[in-house]
Amino acid sequence: MRIGERTYNIKLGLTIFLAISIVSAIVILYLDVDKNTWSALRQVKPIYGLLAGILMLIQWLLNGLRFQILVNSFEEKVGFWTSFNAFMANLFMSAMTPSQSGGGPLQIYVLNKAGMPVAKAFAGCLMGAVLTVVCLVISSISILLFRHDIRLGFGHHMGSVITIVFLFFFLLTALFLLSIFKIRFVKRVFGKMTLRFSHSTKSKRKFSLTKRLMRGLDQYSKCMIIFAKAKKYRVFVAGLLTMGCICANCATAPVMLKGLSVGQDALQVFFVQFIIFFISYFSPTPGGSGFAEFSNYWIMASVNIEQNLLGVYTLIWRFFTSFLGVGIGGLIVLSLLRKRKKIINK
């Protein structure tokens, strides 16, 4: 699939995503499933599956709304369903690419095709991503500071993973702050990098590529200034919606455990989900596959979830929080591709 000047191999990405997920599922089920698992599954309450689905739908709708609010900070406007489709396409493409790197470009592409300039779509989507990271970090740090039972239950290995993720976050934060307050420095560095890359690959368009990059950075800088000065209320509202999205996602875990008739401290389970969400968000694998399953398995084991149902719960949790959204996003992407093909054929 071609997005702008980059081509993404969706078949390869889907194969890797499914392969890692299937292997993770087999390992987790092997570790946990026993004869007591099947008898415990007879007590499943399907109504809670419906509630989990409703929570995920709320999360998707709130995400569509918050990106619409951010992107509509500029002169050009997009409708809610365009923003919603762009976000769901992001979910799908994130699962097809390492470090979820393809989701943002596809979201920007969909918004651009709806009439939003690339630089403005990029600024709106970037602000949305920044708000997600900020909300995740603030909530995760608060939980680790004030809930000693959760922090102590992670153990050494999981604590190391969380430390690495936090270091990665601070690196990204530094780059983001430089792009706002030291845009000339960023332009100089990226300009030199682009020229060297173009020279090493013997590209004939090295100067045009550098000019496009500089022009894009200028537009991005202007858009971020608009957010900082004139559109603070939009950022604030989008921030509240972001926290609502995260809470809806995290609330699915205690709901699913209730559906499995598993005894739990619902508030503790809810708080732990913020940490799992945080780790999955920065996973280097397509769609967080592998990282999401095993981090959920290890962390939830620390909150005294029944061992014989932990594997089954992990797979159900993964279905609702990832596979369901990826599947719907894939259908939306297919629909968009068919529309584009019809336009080209005409």
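Placed above this text is the structure.
Each chain has its residues counted from 1, following the order in which its sequence is written. Owing to the predicted nature of the model, reporting of local features is limited to residues with pLDDT of at least 70; listing and counting of side-chain atom pairs is limited to 80 or more, with chain, interface and lining totals taken over all residues. Only hydrogens and water are set aside when side-chain values are computed; all heavy atoms of the structure are taken into account.

Visitor: Report on the overall build of the protein chain, specifying residues and quantitative values.
Guide: Starting at the N terminus, helices and strands are each numbered in turn, a helix being any DSSP run of H or I of at least four residues and a strand any DSSP run of E of at least two. Looking only at helices and strands, the protein chain features 14 helices and two strands. Classification of residues uses two cut-offs on accessible area relative to the type maximum, computed with a 1.4 Å probe and protein chains only: under 20% is buried, over 50% is exposed, and between them is partly exposed. For the protein chain, with 346 residues in total, the buried portion stands at 47%. Contact between two residues is taken to exist if any of their heavy atoms lie within 4.5 Å; hydrogens are not considered. Long-range pairs, those at least 24 residues apart, make up 77% of the contacts in the protein chain with a sequence separation of at least 6. With residues, only the protein chains shown are counted as cover, and all accessible areas are computed by Shrake-Rupley using a 1.4 Å probe. Of the roughly 18,100 Å² that the protein chain leaves accessible, carbon and sulfur atoms contribute 69%.

Visitor: How would you sum up the environment of S289? Please name residues and give values.
Guide: Position of S289 relative to the elements: it lies in the loop between α12 (266–281) and α13 (291–301). Judged by its relative accessible area of 1%, S289 falls in the buried class. Sequence separation between S289 and A19 is 270 residues; the distance between their C-alpha atoms is 8.9 Å. Look past the residues within four positions of S289 in its chain and what remains in contact with it is F17, I20, S21 and R318. There is a polar contact of 2.9 Å between the side chain of S289 and the backbone oxygen of P286. We call two N or O atoms a polar contact when they sit within 3.5 Å, provided that within protein one can donate a hydrogen and the other can accept it, with sequence-adjacent residues counted only if both atoms are side-chain atoms.

Visitor: Could you give an account of a nonpolar patch on the surface, with specific residues and numbers?
Guide: Patch members must show over 30% relative accessible area and no salt bridge, and they are joined within 9 Å when carrying like charges or within 5 Å when they are nonpolar side chains of Val, Leu, Ile, Met, Phe, Trp or Tyr. Salt bridges are identified by distance alone: a Lys or Arg side-chain nitrogen within 4 Å of an Asp or Glu carboxyl oxygen. Taken together, the side chains of L171, L175, L178, F185, V189 and M193 present a nonpolar region at the surface, about 520 Å² in accessible area. Only α8 (155–181) and α9 (183–200) provide two or more residues apiece to the nonpolar patch.

Visitor: I'd like a description of the packing of helix α6 (residues 118–146) against helix α11 (residues 232–259), backed by residues and values.
Guide: Interaxial distance between α6 and α11 falls to 9 Å at its minimum, and their mutual angle equals 60 degrees. Overall, the two elements α6 and α11 adopt an arrangement that is oblique. Like other packed secondary-structure pairs, α6 and α11 cross with a definite hand, here right-handed. Contact with α6, carried on its side by M127, L131, T132, C135, L136 and S139, involves V235, A238, G239, T242, M243 and I246 of α11 and no other residues of that element. In this analysis, axes come from line fits to C-alpha atoms, helices being fitted only over the stretch in contact, and the angle between any two N-to-C directions falls in the range 0 to 180 degrees. Between 65 and 115 degrees an angle is taken as roughly perpendicular, under 35 as roughly parallel, over 145 as roughly antiparallel, and anywhere else as oblique. Should the near helix be turned counterclockwise from the far one by less than a right angle, the crossing is left-handed, whereas a clockwise turn marks it as right-handed.

Visitor: If you had to explain the packing of helix α4 (residues 80–96) against helix α5 (residues 103–113) to someone new, which residues and values would you point to?
Guide: As a packed pair, α4 and α5 sit with axes 7 Å apart at the nearest point and diverge in direction by 155 degrees. Considering the angle they form, α4 stands roughly antiparallel to α5. Along this stretch, α4 crosses α5, giving a crossing that reads as right-handed. On α5, the residues touching T82, S83, A86, F87, A89, N90, M93 and S94 of α4 are G103, G104, L106, Q107, V110 and L111. Of the residues assigned to the contact of α4 with α5, the class counts are seven nonpolar, seven polar and no charged. Three categories are distinguished: nonpolar for Ala, Val, Leu, Ile, Met, Phe, Trp, Tyr, Cys and Pro, charged for Asp, Glu, Lys and Arg, and polar for the others, with Gly belonging to the last.

Visitor: Could you give an account of the pattern of salt bridges, naming the residues involved and the relevant values?
Guide: Scanning all chains against the criterion turns up two salt bridges. Two residues, K120 and E76, come together in a salt bridge whose shortest N-O distance is 3.1 Å. Taken together, the residues K120 in helix α6 and E76 in the loop between α3 (47–71) and α4 connect sequence positions 44 residues apart. A residue is classified by how much of its surface remains accessible, and E76, at 24% relative accessible area, is partly exposed. The salt bridge involving E293 is made with R318; its shortest N-O contact spans 3.0 Å.

Visitor: Lay out the nonpolar core with the relevant residues and their values.
Guide: Side-chain atoms within 4.5 Å are what join buried Ala, Val, Leu, Ile, Met, Phe, Trp, Tyr and Cys residues into a set we call a nonpolar core. In terms of nonpolar packing, the biggest core is built from 69 residues, with M96, L111, M300 and Y313 touching the most fellow members. Residues contacting Y313, with those up to four places away along its chain left out, are A253, M256, L257, L260, Q273, N296 and M300. Counting residues in hydrophobic clusters, the runner-up holds nine residues, among them L131, M224, F227 and V235.

Visitor: So what's going on with the environment of W60? Which residues, and what values?
Guide: Secondary-structure assignment places W60 in helix α3. Exposure remark for W60: the relative accessible area of 5% places this residue in the buried category. Measuring from C-alpha to C-alpha, the distance between W60 and N85 comes to 9.7 Å, with 25 residues separating the pair along the chain. Aside from chain neighbours lying at most four places away, what touches W60 is F84, F87, M88, L91, L324, G325 and I328.

Visitor: Residue-level account of the environment of I16, with values.
Guide: Considering the arrangement of structural elements, one finds I16 in helix α1 (residues 10–32). Residues I16 and P98, 82 residues apart in the sequence, show an inter-C-alpha distance of 9.5 Å.

Visitor: Please give an account of the packing of aromatic side chains that cites residues and values.
Guide: Side-chain rings of Phe, Tyr and Trp (the six-membered ring for Trp) are treated as a pair once their centres are within 6.5 Å; stacked means planes under 30 degrees apart, edge-to-face means over 60, and tilted covers the remaining angles. As enumerated under the stated definition, the model contains nine aromatic pairs in all. Here F80 and W81 contribute two aromatic rings whose centre-to-centre distance is 5.0 Å and whose plane-to-plane angle is 70 degrees, an arrangement assigned as edge-to-face. Pairing F270 with F274 gives two aromatic rings, centres 5.3 Å apart and planes at 90 degrees, and the pair type is edge-to-face. One end of the pair is F270 and the other is F274, both in helix α12 and four residues apart, which spans about a single turn. Grouping aromatic residues by their ring pairs yields a cluster made of F80, W81 and F84.

Visitor: I'd love a proper account of the state of the cysteines, names of residues and values included.
Guide: For this text, the term disulfide refers to a pair of cysteine sulfurs within 2.5 Å. Under the counting rule described, the total for this entry stands at zero disulfides. C135 provides the cysteine sulfur closest to C245, a residue in no disulfide bond, and the two sulfurs are 9.3 Å apart.

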